[in-house]
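Residue strings, one per chain:
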Amino acid sequence: MGALKIVLTVVFVLICIALTIIVMAQEGKSAGLTGSISGAAESFWEKNKGRTLEGKIEKSTKYVAIAFFVVALLLNMI
């Protein structure tokens, strides 16, 4: 059990670092008053956001966050 806990702790630290970097790399979500007036929320880019780099960063954030919680639960059970 000792070796497994050490390995999970190292993986957990790496996931924490990756999650921090991914969250810091994301752009802000506030479009402000000008974005809502001009209708920027309904643009072509907003509808196809999953194909852009920002969309990929959002998806990777979800997966890394899930991994964070799974490894945290595993560490708690050991």
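On a predicted model such as this, the values are computed, not experimentally measured, just so you know.

Okay, the overall build of the chain next. Assigned secondary structure in the chain consists of four helices and zero strands. Taken from N to C terminus, the helices and strands of the chain fall in the order α-α-α-α. Considering only contacts within the chain whose residues lie at least 6 apart along the sequence, 81% involve residues at least 24 apart.

All right, on to the confidence of the model for the chain then. Any residue range with low pLDDT should be treated as having predicted coordinates unsuitable for detailed reading. Mean pLDDT over the chain stands at 82; residues scoring 70 or higher make up 72%. The least confident element of the chain is helix α2 (residues 32-38), whose mean pLDDT is 54; the most confident is helix α1 (residues 2-25), at 95.

Let us now look at the packing of aromatic side chains. Tallying each qualifying case throughout the model produces two aromatic pairs. Relative to phenylalanine 68, the ring of phenylalanine 12 has its centre 5.1 Å away and its plane inclined at 25°; by these criteria the two rings are stacked. Taken as a pair, phenylalanine 12 in helix α1 and phenylalanine 68 in helix α4 (residues 53-77) lie far apart in primary sequence, 56 residues in all. Summarising the aromatic geometry, the rings of phenylalanine 68 and phenylalanine 69 are spaced 5.4 Å apart at their centres and angled 80° between planes, so their arrangement reads as edge-to-face. Counting every residue linked through ring pairs, the aromatic cluster contains Phe12, Phe68 and Phe69.

Now for the nonpolar core. Listed in full, the nine residues of the largest apolar core are Leu8, Phe12, Ile15, Leu19, Ile22, Ile57, Val64, Val71 and Leu75. Within the residue set of this core, elements represented by two or more residues are α1 and α4. With near-sequence residues (within four places) excluded, isoleucine 57 lies in contact with Ile22 and Gln26.

To continue, consider the side chain of threonine 61. Checked against the element boundaries, threonine 61 lands in helix α4. Residue classification places threonine 61 among the buried residues on the basis of a relative accessible area of 15%. The residues contacting threonine 61, other than those within four sequence positions of it, are Leu19, Ile22, Val23 and Gln26.

Procedures and definitions
- The residue numbers shown here count from 1 along each chain, following its written sequence.
- With pLDDT at 70 or above as the cut-off, local features in this predicted model cover only qualifying residues; side-chain atom pairs require 80 or more to be listed or tallied, and sums for whole chains, interfaces and linings still use all residues.
- For side-chain calculations, the full set of non-hydrogen atoms in the structure is used, while hydrogens and water are omitted.
- Secondary structure elements follow DSSP: runs of H or I no shorter than four residues count as helices, runs of E no shorter than two count as strands, and numbering proceeds from the N terminus.
- Should any heavy atoms of two residues lie within 4.5 Å, those residues are counted as being in contact.
- Confidence of the predictor at the level of single residues is given by pLDDT, which spans 0 to 100.
- Only Phe, Tyr and Trp rings are paired, with Trp represented by its six-membered ring, and only when their centres lie within 6.5 Å; those with planes under 30 degrees apart are stacked, over 60 edge-to-face, the remainder tilted.
- By nonpolar core we mean a set of buried residues, namely Ala, Val, Leu, Ile, Met, Phe, Trp, Tyr and Cys, connected to one another through side-chain atoms within 4.5 Å.
- The rule is simple: take the accessible area with a 1.4 Å probe, protein chains only, and divide by the maximum for that residue type; under 20% is buried, over 50% is exposed, in between is partly exposed.

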